[in-house]
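# Structural description and commentary
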Amino acid sequence: MTQIQKGIDWLIGTLRKDQSADGSWNYPFETGLSTDAYMIILLRTLEINDEELIQGLVARILSKQENNGAWKLYYDEGEGNLTATVEAYYALLYSGYVKKDDKQLRAARRFILSKGGLEEVSIFTKVMLSLTGQYIWPDFSPLPIEFILLPHYFPINFYSFSVFGRANLTPIILLADKKFFIKTEKSPNLSELHLHRHQEDSWFRSSEYRSLLTFIEDGVKRLIGLPEQLHQLAVERAKKYMLDHLEPDGTFYSYYSCTFLMIFALLSDGYQKTDPIITKAVNGLLAMKCDINGHPHMQYTTAHVWNTSLIGYALQSAGVAADDPVVNKAHRYLLNRQHHTFGDWVIHNTKSLPGGWGFSDVNTMNPDVDDTTASLRSISRMVPLERDAWDRGLSWLLSMQNDDGGWAAFEKNTDTKLFEFLPIEKGEFLLADPSCADITGRTLEFLGNYTNLPRDHNVIKKGINWLLKNQRKDGSWYGRWGLCYLYGTWGAVTGLMATGIPRSHSSIRMAVDWLLTIQNEDGGWGESCQSDSKKKYVPLGESTLTHSAWALDALISTSEEPTPQIQKGITYLLTSLEKSDWTTDYPKGQGMAGGFYIHYHSYRYIFPLIALSHYRKKYES
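This write-up is about the structure you can find in this document.

Parameters and conventions
Residues numbered from 1 in each chain as written. Predicted model: local features only at pLDDT ≥ 70, side-chain atom pairs only at ≥ 80, totals over all residues. Heavy atoms only, no water. Helix = DSSP H or I, 4+ residues; strand = E, 2+ residues; numbered from the N terminus. Rg over C-alpha atoms; globule rule 2.2 N^0.38 Å. Buried < 20%, exposed > 50% of the residue type's maximum accessible area, 1.4 Å probe, protein only. Contact = heavy atoms within 4.5 Å. Phe/Tyr/Trp six-rings, centres within 6.5 Å; stacked < 30°, edge-to-face > 60°. Pairing = 2+ DSSP bridges. Core = buried A, V, L, I, M, F, W, Y, C linked by side-chain atoms within 4.5 Å.

To continue, consider the overall build of the chain. Broken down by element type, the chain carries 25 helices and seven strands. Its C-alpha atoms give the chain a radius of gyration of 24 Å, near enough to 25 Å, the size a compact globule of 621 residues would have. Across its three principal axes, the chain shows a C-alpha extent of roughly 70 × 60 × 45 Å. Counting only residues that meet the buried cut, the chain has 63% of its 621 residues in that class. Of the contacts formed within the chain by residues at least 6 apart in sequence, a portion of 75% connects residues at least 24 apart.

In this section: the side chain of T14. Mapped onto the elements of the fold, T14 is located in helix 1 (residues 3-18). Aside from chain neighbours lying at most four places away, what touches T14 is Y27 and Y605.

The next point concerns the packing of aromatic side chains. Evaluated as defined, the whole model comprises 39 aromatic pairs. Centre to centre, the rings of Y256 and F260 are 6.4 Å apart; their planes meet at 20°, and the pair counts as stacked. Of the two residues, Y256 and F260 are both situated in helix 10 (residues 256-268); the distance of four residues between them amounts to about one turn of the helix. An identical accessibility class is assigned to Y256 and F260; each is buried. Ring centres of W582 and Y586 lie 5.9 Å apart, and the angle between their planes is 75°; on these two criteria the pair is classed as edge-to-face. Using a relative accessible area of 25% as the deciding quantity, one classes W582 as partly exposed.

Attention now goes to the pairing of strand 7 (residues 596-600). A large share of strand 7 lies buried, amounting to four of its five residues. Pairing geometry for strand 1 (residues 29-30) and strand 7, over two bridges, is antiparallel. Pairing of E30 across the sheet is with H599, part of strand 7. The pairing of strand 6 (residues 589-592) with strand 7 spans three bridges and is antiparallel. Within the sheet, the bridge partner assigned to G589 lies in strand 7 and is I598. The turn joining strand 6 and strand 7, which pair antiparallel and follow one another in sequence, is formed by three residues; a positive phi near 80° is taken by G594.

Next up on the list: the nonpolar core. Within the largest apolar cluster, 191 residues are counted, with the highest numbers of intra-cluster contacts made by M39 and L315. Not counting the four nearest positions on each side in its chain, L315 is found in contact with I12, L15, W25, V320, V326, V327 and L609.

What follows deals with the environment of P296. As for its placement among the helices and strands, P296 is situated in strand 3 (residues 295-298). C-alpha separation for the pair P296 and F147, spaced 149 residues apart in sequence, amounts to 39 Å. Once residues lying within four places of it in the same chain are set aside, the contact partners of P296 are D36, L53, G56, L57, R60, K289, C290 and D291.

Hydrogen bonds between backbone atoms are what pair the strands of a sheet, whose relative direction is either parallel or antiparallel. One open sheet accounts for three strands, arranged 1-7-6; its pairing is antiparallel. The sheet terminates laterally at strand 1 and strand 6, the two strands that pair on one side only.

The structure is reproduced here in structure tokens:
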């Protein structure tokens, strides 16, 4: 038996063992400490005394503190992250289990003050601090709440933003409008973390934003009705938007951040802490708890569908039959998670019926292109094929192509530039949903390898043109949802190759050359989370299993023979499959550059299995 086969067998065995009874894989979706900190703050605010959970979250937060008192978002983040440190400090204090004069908090306080104090944290942390009485709301709302009433034909309106932007901004504008805050007997006092108290400047520092606000206010003035009536109508519209987008588990869009904010928005509207809607929302968040190394972690959402679709596809690529019980159970799970209801995506895509897949176990109304192609890949080998599910999924996918030829994640033609004027750091990650190379590339790979669409079809040609147009000068592509240039380049190269672009094409040659120039001495690849903030490739300094698998899969797709560089990369994978260190815990996904990173616990198995399977099929069969 070859080493390749041994590696494949080990990975298959691990995945078989980890499948859940319902056919899914529930590997943790780990997103740092913010959700853990916010859970402590939420439970204490609502006076829900779940001491076992709070103590567990405290232990997890303390276990992640650096020697200098700070907390980091990723291993190589310099001295530490100010926003993460403030959130951890606040949660530990609010828990009641750590005191201000404890050495852990004294060290954290020194770090916070050395980096500018509360005035320098992210705007979303300022929102959280304001609604819990630790920071002063600005004199005026970041967006007037009447903004939600502007018609779709107005140049700037509620649906100009991405669905993720709407979900988070809706409760924020409600809370900012009322300048709501709530304290309890256990609320700590963070006044010692202010360097320059109550400066409005610390919220809004953009003169362009003032101009945008004036433009929006002019639009609001054109609305028909008395100001007071319009204001109340806007409040009701915002509240209705939240309540109309509750998932069956009670969460708002199944996301932690907007559910957290919604709970406070409902409190500001007079809801009691024990209201059934609030209780159900909290229970929905609690249901997202997972265990990591003996500590509880509050997931931002669950990743069941994403994990299951990728693993179902990877297992079949490795030779596991579609009628094997482990794959069959996965397919049944995926078919039960296909969407049948309309979501906000229909606003910009009025001619399609539902048929996509979402990311989490409870997602019923917010499908995305990535999960849809991944799910369709997995079910494509079913015998007989579930034709209705396949047709509805493919139809929805094709309808979601943007006018520029690329594909975005959640919505069509929602690439607003408004974030450039709003006082929101990293607004492009929250408010916009543009075409991106990773999703466009994987969509083309799916269309080229799993459908009968001719390669000269207009949909494919437009997608290819978008990728060719958006390649960087060094030969790489930026990946929006992973880290980062390796991710985008893997998606783009495999997509172009699957749709007929020859390996001799200059775009492919440039990409291959770039991948080879950044290969590490040990044969692997590794990229730092700093890449997305710096807008250029930053080497990690160490190789990771996932990054190496992406690079290898791209190179394998372009080469008829196993080159020395490919062989060296395969050797790295095979000798590293079982390793466990900081590189295997390093984030491989991103949500917001500099603020939100994702460690997918499933990736260390999925992508090496795909790369090894493609190697074996191409060079050893």
